[in-house]
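Chain residues, written in single-letter form:
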Amino acid sequence: MSIIRVNLGAKSYNIEIAAGLLDTAGEKIRSISKAQRAAVISDSNVDALYGKRLQAALAGSGFKVTRIVFPAGEKSKCLAELAKIYDRLAEAGITRSDLVVALGGGVTGDLGGFAAATFLRGVDYVQIPTSLLAQIDSSVGGKVAVDLPAGKNLVGNFYQPKLVLIDTMLLKTLPVRFLHDGLAEAIKYGCIRDRALFEKIAAMRDDDELLENIGGIVERCCAIKAEIVEHDEFDTGERMVLNFGHTIGHAVEKCSNYESFTHGEAVGIGMLLLTRQTELFGLTERETAAAIYDVLKKYNLPVDADYGNEELLKAAGMDKKKSGSSITLVILKNIGTSFLQKTNWQDLPEYIKRG
Ligand code: GLY
């Protein structure tokens, strides 16, 4: 097992990573909480797979457990579903000294975390992420949110968990498309901070070898994220490097109405398209985009989306720009080294250009 400490003063916590952690979650959580009750929040898919196991593990350590289940899918990350969760937390008699456990992927972590951040003005919570994307990104760093009809993550907070438990065995039930979806974010960590990680992912023979080595990959990604969050908890500087590929990625997701592309797939396209342009401008070393293209192809991740430049720019918010304002782009110097560049909105079309 490996333990990564996220050092945030009084808000510090551990990320524990091992295969098979789910069944020992009761003891692990008992070691950081005196709660009598635990409310486990998960979606209908994850609850069916793991809800009872986690309930048994928690009950074995003396927690009185209530399972709160919402319908699987991004559509549930909304105020209406949040209101139902508040009602269930109240019915279960959750007090400020009790605990919320978010068991699931990114939607569950964001929704369950936001419920924990706001119910009774804040209840302790633990993240048990079940998707690769959640294990290496959304469960770490305390970003919690729900969507509004006007856009994703428009209501949220920074609210750090008390513990993150990552059981890499859970990835074995993840459909391959979602394994690769998460892998796109792992490739992103390699791009922005760690050439060796990028090369390790690129060198895997196949998905079997990838899964055999996934613990080390998750560990490295979490260590990078922990370090970045420690330096910039509230996302006003360094943490923005985590957005590499996300300006175009979010635009691709929006153009597809959040249907044709997963988040990781869209980010992969974003990393590649931006890096092609920055290579042309001499900001990025040659062959960097080719290396990204090869690794995306290797894992059947898309390398382009059929949207015009104007459409992408509009989706990236270009139509709403205020004159004189700028956007911060994350640009690679090479694989493993990134930097932030404030870019005027009027120059954005040069960076968002499909070839
Ligand atoms: N997912 C990016 C961040 O946590 O800042």
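So, a few notes on the structure that sits alongside this text. Since the structure is predicted, the reported quantities are computational estimates derived from the model, not experimental observations.

## Structural notes on the pattern of salt bridges
Part 1 of the argument: With the rule as written, the count across this model stands at 23 salt bridges.
Part 2 of the argument: Of the charged contacts, one joins lysine 143 and aspartate 235 as a salt bridge, the two residues approaching to 2.8 Å between their closest N and O atoms. Placement of the pair is lysine 143 in strand S7 (residues 143–148) and aspartate 235 in the loop between helix H9 (214–231) and helix H10 (246–255), with a sequence separation of 92 residues.
Part 3 of the argument: Two residues, arginine 193 and glutamate 238, come together in a salt bridge whose shortest N-O distance is 2.9 Å. With arginine 193 in helix H6 (residues 176–193) and glutamate 238 in the loop between H9 and H10, this pair connects stretches of sequence that are 45 residues apart.
Part 4 of the argument: A residue is classified by how much of its surface remains accessible, and arginine 193, at 30% relative accessible area, is partly exposed.
Part 5 of the argument: For glutamate 238, a relative accessible area of 25% puts it in the partly exposed group.
Part 6 of the argument: Here the salt bridges do not stand alone but share partners, grouping Glu74, Lys77, Asp110, Asp147, Lys152 and Glu253 into one network.

## Some remarks on the side chain of glutamine 135
Part 1 of the argument: One can find glutamine 135 in helix H5 (residues 132–138).
Part 2 of the argument: A residue is classified by how much of its surface remains accessible, and glutamine 135, at 0% relative accessible area, is buried.
Part 3 of the argument: Once residues within four sequence positions are removed from consideration, glutamine 135 is found in contact with Pro129, Thr130, Val140, Ile166, Asp167, Thr168, Leu171, Val218 and Cys222.

## A word on the site of the ligand
Part 1 of the argument: Inspection of the region around the ligand gives Asp137, Lys143, Lys225, Arg239 and Leu242 as its neighbouring residues.
Part 2 of the argument: Between the ligand and aspartate 137, the relevant distance is 3.0 Å, taken from a nitrogen atom to a side-chain nitrogen or oxygen of the residue.
Part 3 of the argument: Here an oxygen atom of the ligand sits 2.6 Å away from a polar atom, N or O, in the side chain of lysine 225.
Part 4 of the argument: The fraction of the free accessible surface of the ligand (200 Å²) that becomes covered by protein chains is 86%.
Part 5 of the argument: A per-class count over the shell around the ligand returns 1 nonpolar, no polar and 4 charged.

Analysis parameters
Residues numbered from 1 in each chain as written. Predicted model: local features only at pLDDT ≥ 70, side-chain atom pairs only at ≥ 80, totals over all residues. Heavy atoms only, no water. Salt bridge = Lys/Arg side-chain N within 4 Å of Asp/Glu carboxyl O. Helix = DSSP H or I, 4+ residues; strand = E, 2+ residues; numbered from the N terminus. Buried < 20%, exposed > 50% of the residue type's maximum accessible area, 1.4 Å probe, protein only. Contact = heavy atoms within 4.5 Å. Near = heavy atom within 4 Å. Polar contact = N/O pair within 3.5 Å; in protein donor to acceptor, adjacent residues only side chain to side chain. Areas by Shrake-Rupley, 256 points an atom, 1.4 Å probe, with all protein chains shown as cover. Nonpolar A, V, L, I, M, F, W, Y, C, P; charged D, E, K, R; others polar.

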